[in-house]
Number of protein chains: 2
Amino acid sequence: MSSNERLIYLPLGGAGEIGMNAYVYGYGPKGKERYILVDIGVTFPDMDSSPGVDLIFADIAWLEERKDRLDAIFITHAHEDHVGAVGHLWHRLEAPVYARPFTAYHATRKMGEQGAPEDQVIIAQPWPAMIDAGPFKVSFMPLAHSIPESSGLVIDTPAGRIVHTGDFKMDETPLVGEAFDPVMWAEIAKPGVKALVCDSTNVFSQHAGKSEASVGPEITKLVSDARGMVVATTFASNVARVKTLADAGVAAGRSVCLLGRSMRRMVEAGHATGVLTDFPKTISPEDARELPRENLMLLVTGSQGERRAASAQLARGKYLGLTMKENDLFLFSSKTIPGNERGVIKIINSFSEMGVDVVDDRAGIYHVSGHANRPDLALAHEIMNPDLVIPMHGEHRHLREHVRLAAEHGRSAVLAVNGTMVDISRGGDIVDSIQTGRTYLDGSVQIGAMDGVVRDRIRMALNGHVLVTLIIDEKNEPLGEPWVELKGLPETGRSNAALQDVLEADLGQLVNRAGRKTLRDDDALEEALRREVRRSANNEVGHKPEVTVVVSRLA
Amino acid sequence: MSSNERLIYLPLGGAGEIGMNAYVYGYGPKGKERYILVDIGVTFPDMDSSPGVDLIFADIAWLEERKDRLDAIFITHAHEDHVGAVGHLWHRLEAPVYARPFTAYHATRKMGEQGAPEDQVIIAQPWPAMIDAGPFKVSFMPLAHSIPESSGLVIDTPAGRIVHTGDFKMDETPLVGEAFDPVMWAEIAKPGVKALVCDSTNVFSQHAGKSEASVGPEITKLVSDARGMVVATTFASNVARVKTLADAGVAAGRSVCLLGRSMRRMVEAGHATGVLTDFPKTISPEDARELPRENLMLLVTGSQGERRAASAQLARGKYLGLTMKENDLFLFSSKTIPGNERGVIKIINSFSEMGVDVVDDRAGIYHVSGHANRPDLALAHEIMNPDLVIPMHGEHRHLREHVRLAAEHGRSAVLAVNGTMVDISRGGDIVDSIQTGRTYLDGSVQIGAMDGVVRDRIRMALNGHVLVTLIIDEKNEPLGEPWVELKGLPETGRSNAALQDVLEADLGQLVNRAGRKTLRDDDALEEALRREVRRSANNEVGHKPEVTVVVSRLA
């Protein structure tokens, strides 16, 4: 490495939040670095901050401006928060996409769906195979997580080796996917690791994580003891869990039926890519309808209470002709992600009304996390023994706690949220701060989170919307009265007269009083009408609506 | 009791949900019963289902229609979900309101704020004092909860005694408020209890509840060990906890300052009504600013992450000149209510960015619940030994589980959600089903939850809103082109032309092609314009907006 070259790390998404992962590494002279991008994921909208939005991506404008220096995109695994944006954003980056077969299967489909070239997805072999990408040599390091073929990345540069963990846990018996392999870890650590860029999701979980293998016996027992139909949900992408659940159903003498598109797709992908062996035979929903319910187990989508998923549809009544009944059992083999509680609770109460018994993971035995807990993170630090720990995959509180964990063991660590450029070649100095943010996929259009579109929607939702139309004739005189339409406002207010009538009367008076100067000036007239609507509505119904005024001039 | 008289129970709110409590009891010949109402609370809106709404009440239309037969309203305690609607709904019921002094203090203020007669709030003495209300004799039974003077109600009728617990726990050392008194409970149980109408909130909590007294020593230790300023939050109404926190601050040699209107109000109410003795002296925010931070403890509102409360304002920067800094400590001495996680996590991350250490109740030592856990509920059943258990205060899953708990001990119980009329005098038969629902306070107006106002707001938030205006002249010819205004939609879509221009062009073509019949018919014309906007917008931006069309006729 010559003295004017540097090795930089720049998270564009996923550091300071959970989801929407996108991490840039760069190597070269300052301002002339070559880049790789690790992961290109999504996060999900909510009604509070992003109503009507379909998906959320990291703002990649900084990298897009430098895409001629982008050599490759690497995807660590097939979770939406790591691969979900590849189809939507590829045209703005145009670099080859490397992934292992199961991940590549999903990435290719996503590329195709958005009209991006599927042949730009290149299947990677795992460690010790290396991929050349500009000044980088990158290897996929098999790890245990909650989806097959999850991988960390070993990123070799002239300035040294980086290990980017991706999502991982230290599971020696993950059932599907690769087990924690201490020999491989030691081998990777051996030449020395400059920086360990490390998952922080579970840094607040104090005890060593449990293995996926611990879940099966408990679930088998639960299913065996059940009297009626059993329905279980988990993340469809958690193929190991889906298999554990299916095996438990079979062990209890039940036929297994998969419900929900992503559930079927994930199992298909597992078969197609060879990561899923000896998955029990499943039956179709049509066949399931013919079976006695005590012989049946359904595996369904919707562990987070998603309105359109199979679990929510069963909670509302029927899904593909299947219904739940008294004495059936519903199992959440999953954790509720903060923010999704209301949806999940709604489903539980609907099932309660049907007399269905719901079992969730309160007891901590029907689900294990896919992320390394605090002691496991400390172990990862110890094995890799890096010069520098850079926590990623976490909100600010997780990153800060992870820095603290490193410090407890005498290690250097740097807290770098989205937009923070870290010079790894110079001890982790923060050398720049990049403007980052969010891009909303809104229907088929990408809009900036700060563009005001969503802000206007939120305002209409909070305040209602009043439309005022007024026609001004050729002599600058009002032709008739102002006309008012309401949307999202009460019909009557304080005076017990129709709000529409009250507003029209008040606006009529305003127009009658208005001087010629105001009537000639669109801006002044619109502003006067807007103010009067807000004043009058506030007086009648106690809040000020959004107002749109259209003045039509017959000229 | 003559054979044609009956004793009924009818929840209008609070059974099948948590919050918005309102329970009707009736006694008399069918259709001529005299009524009392127990509690008249609120629940809180959320962006998902009730954007822009200020408060939510139970729909009391059924009782309003029979208000000539309503003899009294009893309020068990001063929590918003029990007393919050008294000012807003009193005019629709017009009955005297009975409450113990601390509760009456709050009820009176709420009545005054809404222009209801304050002298209709009547202070009640506790058991064994009895209040006559038509055929009912009612006594306030002191209980432990998380606010002073919480009470159950002993409701005597010619058909026997009902015990309505309100919110309660079995705390023998609640610090503020009355301890669980087994002698009084036994005395009340002695003549026989027809029905125990019982809190279900914590029926899923398997272990006996801990006492408020267990919290103080842990908090004192935490505060004593802190280096910088300490800030703690809890529900302001949890006066016992506020005192525990303040005592801990003083024990650690700190001056205590109360921040947030409801925090100051609750302590004032405690002083004014005599329920709060030896509360430590507090200092003003002005004086607090002059003290070294290690000598200071702030008690603040906003334990649920409420945007406008003191905790959120400190998280955003400054509150009354006070700021948080590195090495300060923030304590959530509270549980996060499901649905409030996002707001709370946002605050924690903001504090993390400031270097403030946040302690929450994950360890289970800095907060205890105010509700009876499962074993305590079983004990309450045992002491009262009622003919019938009627679970209330809970979602469907809580009520169902509470019925199950009763059954485990061989007791009769009935699951009655809002609108279910139970005949207590006839073994708990369900005799009627009443239409119930929610009333929204929207600004200053009460609207029905199903009126469509809020539905329109949600649709605008999800889809955006397009306004179309068109002028038709005296000859039924369009005068100029249709005019389009957008709100909450992207400026450009697929064609890269301005969406407004695309829509106006498409609508212009439609109008040009339209036959005279369509142009004469407002409904047909508006519908055609609406469809075209939705089609064209969907083509451009991938979703169909809400549309308002205004056709102005020069006639």
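Everything discussed here concerns the structure shown above.
Here is a short report on the structure shown in this document. (Residues numbered from 1 in each chain as written. Chains lettered and ligands numbered in written order. Predicted model: local features only at pLDDT ≥ 70, side-chain atom pairs only at ≥ 80, totals over all residues. Heavy atoms only, no water.)

Here we come to the layout of surface pockets. Empty space within the second largest pocket amounts to approximately 610 Å³. Together, 18 residues line the second largest pocket, and F204 and E401 of chain A together with V358, V359 and D360 of chain B are the ones closest to its centre. Every element with two or more residues in the lining of the second largest pocket is listed here: α13 (396–408) of chain A together with α11 (341–354) and β22 (357–359) of chain B. Here the lining of the second largest pocket gets four residues from one element, more than from any other, and that element is α13 of chain A. Counted by class, the lining of the second largest pocket contains nine nonpolar, two polar and seven charged residues. (1 Å grid on protein atoms, 1.4 Å probe; cavity = no way out; pocket = protein on both sides within 12 Å on 5 of 7 lines; lining within 4 Å. Points joined across faces, edges and corners; volume = space filled by probe spheres on them. Helix = DSSP H or I, 4+ residues; strand = E, 2+ residues; numbered from the N terminus. Nonpolar A, V, L, I, M, F, W, Y, C, P; charged D, E, K, R; others polar.)

Tallying each qualifying case throughout the model produces 18 aromatic pairs over all chains. Both rings, one in F180 of chain A and one in W185 of chain A, keep their centres 5.3 Å apart while their planes meet at 75°; by these two values the pair is edge-to-face. Exposure class is identical for F180 of chain A and W185 of chain A. Each is buried. Relative to W185 of chain B, the ring of F168 of chain B has its centre 5.8 Å away and its plane inclined at 45°; by these criteria the two rings are tilted. Pair noted here: F168 of chain B is in the loop between β13 (160–164) and α5 (182–189) and W185 of chain B is in helix α5, with a separation of 17 residues, a long-range link. The exposure classification of F168 of chain B matches that of W185 of chain B, with both residues buried. (Phe/Tyr/Trp six-rings, centres within 6.5 Å; stacked < 30°, edge-to-face > 60°. Buried < 20%, exposed > 50% of the residue type's maximum accessible area, 1.4 Å probe, protein only.)

It is worth spelling out the sheet that holds strand β12 (residues 151–157) of chain A at this point. Residue and element names in this part refer to chain A. The mixed open sheet is built from six strands, whose spatial order is β10-β11-β12-β13-β14-β22. Each of the sheet's edge strands pairs with one partner strand only, and the pair in question is β10 (131–133) and β22 (388–392). Taken over all neighbouring pairs, the strand axes of this sheet differ in orientation by 20° on average, direction set aside. Where strand β14 (residues 195–199) lies against β22, five bridges are found, and the strand directions are parallel. (Pairing = 2+ DSSP bridges. Axes fitted to C-alpha atoms, helices over the stretch in contact; angles between N-to-C directions.)

As a further point, take the interface of chain A and chain B. Each partner contributes to the interface: chain A provides 60 residues, whereas chain B provides 61 residues. Contact with chain B buries surface across chain A, with M47, R342 and K487 of chain A losing the most and accounting together for 13% of the total. Applying the counting rule to chain A against chain B returns eight salt bridges. Across the pair D46 of chain B and R342 of chain A runs a salt bridge whose closest N-O atoms are separated by 3.7 Å. Linking chain A with chain B are 32 residue pairs in polar contact (both at pLDDT 80 or more). Put simply, the parts of the chain that give the side of chain A that touches chain B at least two residues each are α11 (341–354), α13, β27 (445–448), α14 (453–463), β28 (465–472), β29 (483–487), α17 (522–541) and β30 (546–553) of chain A. Its residues assigned to classes, the side of chain A that touches chain B shows 24 nonpolar, 18 polar and 18 charged. (Contact = heavy atoms within 4.5 Å. Buried area = accessible area lost by both parts, 1.4 Å probe. Salt bridge = Lys/Arg side-chain N within 4 Å of Asp/Glu carboxyl O. Polar contact = N/O pair within 3.5 Å; in protein donor to acceptor, adjacent residues only side chain to side chain.)

Another point: the nonpolar core. With 134 residues, the main nonpolar core has I73 and L529 of chain A together with I73 and L529 of chain B as its most contacted residues. The contact partners of I73 of chain A, leaving out residues within four places of it in the chain, are L37, I40, W90, L93, A95, P96, V97 and Y98 of chain A. (Core = buried A, V, L, I, M, F, W, Y, C linked by side-chain atoms within 4.5 Å.)

Here we come to the relation of the copies chain A and chain B. Between chain A and chain B, the superposition needs a rotation of 180° and an axial shift of 0.0 Å, giving an RMSD of 0.1 Å. One copy is carried onto the other by what is essentially a two-fold rotation axis. Among all residues of chain A, the minimum C-alpha distance to the rotation axis is found for A461 of chain A, at 2.7 Å. Of all interface residues in chain A, 100% are interface residues in chain B too; the two copies therefore contact each other through one and the same surface. (Least-squares fit on C-alpha atoms with pLDDT ≥ 70 in both.)

Applying the stated criterion across every chain, the model contains five cavities of 30 Å³ or more. For the largest cavity, the calculated volume is near 50 Å³. If you trace the largest cavity, you find it lined by T469, L470, I471, V550 and S552 of chain A together with T469, L470, I471, V550 and S552 of chain B. Looking at the lining of the largest cavity, the elements that each hand over two or more residues are β28 and β30 of chain A together with β29 (465–472) and β31 (546–553) of chain B. Per-class residue counts for the lining of the largest cavity are six nonpolar, four polar and no charged. Each pocket or cavity is described by its volume, and for the second largest cavity that value is around 40 Å³. Along its surface, the second largest cavity is lined by H145, S146, K169, P174, V176, E212, N238, A240, R241, V368, S369 and G370 of chain A. Looking at the lining of the second largest cavity residue by residue, the classes come out as four nonpolar, five polar and three charged.

This part covers the sheet that holds strand β26 (residues 429–433) of chain B. All names here are of chain B. Across the sheet, eight strands lie side by side as β9-β8-β7-β4-β3-β1-β25-β26; this open sheet has mixed pairing. A strand with exactly one partner marks an edge of an open sheet, and here the two such strands are β9 (121–123) and β26. Looking at each pair of strands side by side, their axes are set apart by 25° on average, direction ignored. Direction of pairing for strand β4 (residues 34–38) relative to strand β7 (residues 70–74): parallel, over a ladder of four bridges. Bridge pairing in β7 links L37 to I73. Where helix α4 (residues 101–113) meets the sheet, it contacts β8 (97–99) and β9, and its direction lies at approximately 165° from that of β9.

In this section: the packing of helix α4 (residues 101–113) of chain A against helix α8 (residues 261–272) of chain A. Each pair of packed helices can be described by the angle between their axes along with the distance between the axes. Residue and element names in this part refer to chain A. In contact at an axis separation of 9 Å, α4 and α8 are set at 125° when each is read in the N-to-C sense. In terms of axis orientation, α4 runs oblique to α8. Once α4 is placed against α8, the crossing between them reads as right-handed. Contacts between α4 and α8 involve F102, Y105, H106, R109 and E113 from the former and R265, M266, A269, G270 and A272 from the latter. (Parallel < 35°, antiparallel > 145°, perpendicular 65-115°, else oblique. Left-handed = near helix turned anticlockwise from the far one by under 90°.)

Time to look at the pattern of salt bridges. Residue and element names in this part refer to chain A. Evaluated as defined, the whole model comprises 72 salt bridges over all chains. With a closest N to O distance of 2.9 Å, R438 and E17 form a salt bridge. Remark: E17 occurs in the loop between β2 (15–16) and β3 (22–29) and R438 occurs in strand β26 (residues 438–442); sequence separation between them is 421 residues. A relative accessible area of 31% means that R438 is categorised as partly exposed. As a salt-bridge pair, D171 and K169 come within 3.1 Å of each other at their nearest N and O atoms.

Counting buried residues in β22 of chain A gives five out of five residues, a clear majority hidden from the surface. A two-sided burial pattern is seen for β22 of chain A, the buried positions comprising L388, I390 and M392 of chain A on one face and V389 and P391 of chain A on the other.

Next up on the list: helix α14 (residues 453–463) of chain B. V453, V454, D456, R457, I458, M460 and A461 of chain B are the residues of α14 of chain B that are buried. Backbone geometry just after α14 of chain B places G464 of chain B at a positive phi near 75°.

Time to look at unusual backbone geometry. Cis geometry marks the peptide bond from W127 of chain A to P128 of chain A; its omega dihedral reads 10°. You can see P128 of chain A is positioned in the loop between β9 (121–123) and β10. Its identity as a non-glycine residue notwithstanding, N327 of chain A has a phi of 75°, on the positive side. Here N327 of chain A is to be found in the loop between β19 (322–323) and β20 (329–332). Judged by its relative accessible area of 36%, N327 of chain A is partly exposed. Phi is positive for N385 of chain B, which is not a glycine, with a value near 45°.

This paragraph deals with the side chain of S352 of chain B. Here S352 of chain B lies in helix α11. Exposure remark for S352 of chain B: the relative accessible area of 4% places this residue in the buried category. Only 3.5 Å separates the side chain of S352 of chain B from the backbone nitrogen of R397 of chain A, close enough to count as a polar contact. Residues within four places of S352 of chain B in sequence aside, it is in contact with H396, R397 and R400 of chain A.

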